[in-house]
Amino acid sequence: MFGPDKLGFEMDFGFRNTASPGDFNPFSASIPATKVELTISCRNLLDRDTFSKSDPLCVLYTQGIGNKEWREYGRTEVIDNTLNPDFVKKFIMDYFFEERQNLRFDLYDVDSKSPNLAKHDFLGQMFCTLGEIVGSQGSRLEKPVTGIPGKNCGIIMITAEELNNCRVSSVCIHFLPAP
């Protein structure tokens, strides 16, 4: 039989804490999830500036499961003078397969350096779930921007791309001196 004492070296594959089928506990198991990257683009946004085009910014909010409160998840960069932004900043989120994840995308025309959104012009918003985006054809969801009565506020396009989990396994071989 082969082993460290017969070959003169010890192999460590990093599997010390491997679980056997009898170790599974459904009540303590983690919810299956994957990381997705969201890319945001808009077309035909409202023009709220007088002498130029709007300078759009998109703010992503997520909704808490228990309290239903909206929390800011992140903001894109501001793109100057366009009604058709293709935002460079992407949002990386955990997508939980068994959970409804409500999202809200608010769009603003940025008029100053202030981080206070109340100081900027509201361009509209869109509500969806992360599952809607991931489950759309090509993982690309296109919906109208709403929120200003009587106005066509444009459309928003969100694309989700699954990020590969780069799990690194290492092998460490320790050579022992021969007896």
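Residues numbered from 1 in each chain as written. Predicted model: local features only at pLDDT ≥ 70, side-chain atom pairs only at ≥ 80, totals over all residues. Heavy atoms only, no water.

- An unreviewed UniProt entry lists the protein under the name C2 domain-containing protein, with Eleutherodactylus coqui given as the organism.

### Considerations on the confidence of the model for the protein
Line of reasoning, step 1. Per-residue confidence for the protein gives a mean pLDDT of 82, with 77% of residues at or over 70.
Line of reasoning, step 2. A low-confidence stretch, residues 1-28 stays under pLDDT 50, and its non-local contacts, those more than four residues away or across chains, total 21 contacts. (pLDDT = per-residue confidence, 0-100. Contact = heavy atoms within 4.5 Å.)

### Some thoughts on the nonpolar core
Line of reasoning, step 1. Counting 27 residues, the largest nonpolar core has Leu38, Leu103, Phe105, Leu107, Ile133 and Ile156 as the members making the most contacts within it.
Line of reasoning, step 2. Sorting elements by how many residues they give to this core places strand E2 (residues 33-43) first, with four residues.
Line of reasoning, step 3. Setting aside residues no more than four positions away along its own chain, leucine 38 makes contact with Lys90, Phe91, Met93, Leu103, Phe105, Leu130, Ile133, Ile158, Thr159 and Ala160.
Line of reasoning, step 4. Ranked by size, the runner-up nonpolar core spans six residues in total, among them Val59, Tyr108, Val110 and Leu117. (Core = buried A, V, L, I, M, F, W, Y, C linked by side-chain atoms within 4.5 Å. Buried < 20%, exposed > 50% of the residue type's maximum accessible area, 1.4 Å probe, protein only. Helix = DSSP H or I, 4+ residues; strand = E, 2+ residues; numbered from the N terminus.)

### Topic: the layout of surface pockets
Line of reasoning, step 1. Its boundaries defined by the atoms lining it, the largest pocket holds a volume of some 190 Å³.
Line of reasoning, step 2. Taken together, 14 residues form the lining of the largest pocket, with Thr62, Gln63, Phe96, Glu99 and Gln101 sitting closest to its centre.
Line of reasoning, step 3. Secondary structure elements with two or more residues in the lining of the largest pocket: strand E3 (56-63), strand E4 (70-75), strand E5 (91-96) and strand E6 (102-109).
Line of reasoning, step 4. Taken together, the residues that form the lining of the largest pocket break down as five nonpolar, five polar and four charged. (1 Å grid on protein atoms, 1.4 Å probe; cavity = no way out; pocket = protein on both sides within 12 Å on 5 of 7 lines; lining within 4 Å. Points joined across faces, edges and corners; volume = space filled by probe spheres on them. Nonpolar A, V, L, I, M, F, W, Y, C, P; charged D, E, K, R; others polar.)

### Here we look at the side chain of glutamine 101
Line of reasoning, step 1. Counting through the fold element by element, glutamine 101 comes out in the loop between E5 and E6.
Line of reasoning, step 2. Judged by its relative accessible area of 12%, glutamine 101 is buried.
Line of reasoning, step 3. There is a polar contact of 2.9 Å between the side chain of glutamine 101 and the backbone nitrogen of phenylalanine 96.
Line of reasoning, step 4. The residues contacting glutamine 101, other than those within four sequence positions of it, are Asp94, Tyr95, Phe96, Cys128, Thr129 and Leu130. (Polar contact = N/O pair within 3.5 Å; in protein donor to acceptor, adjacent residues only side chain to side chain.)

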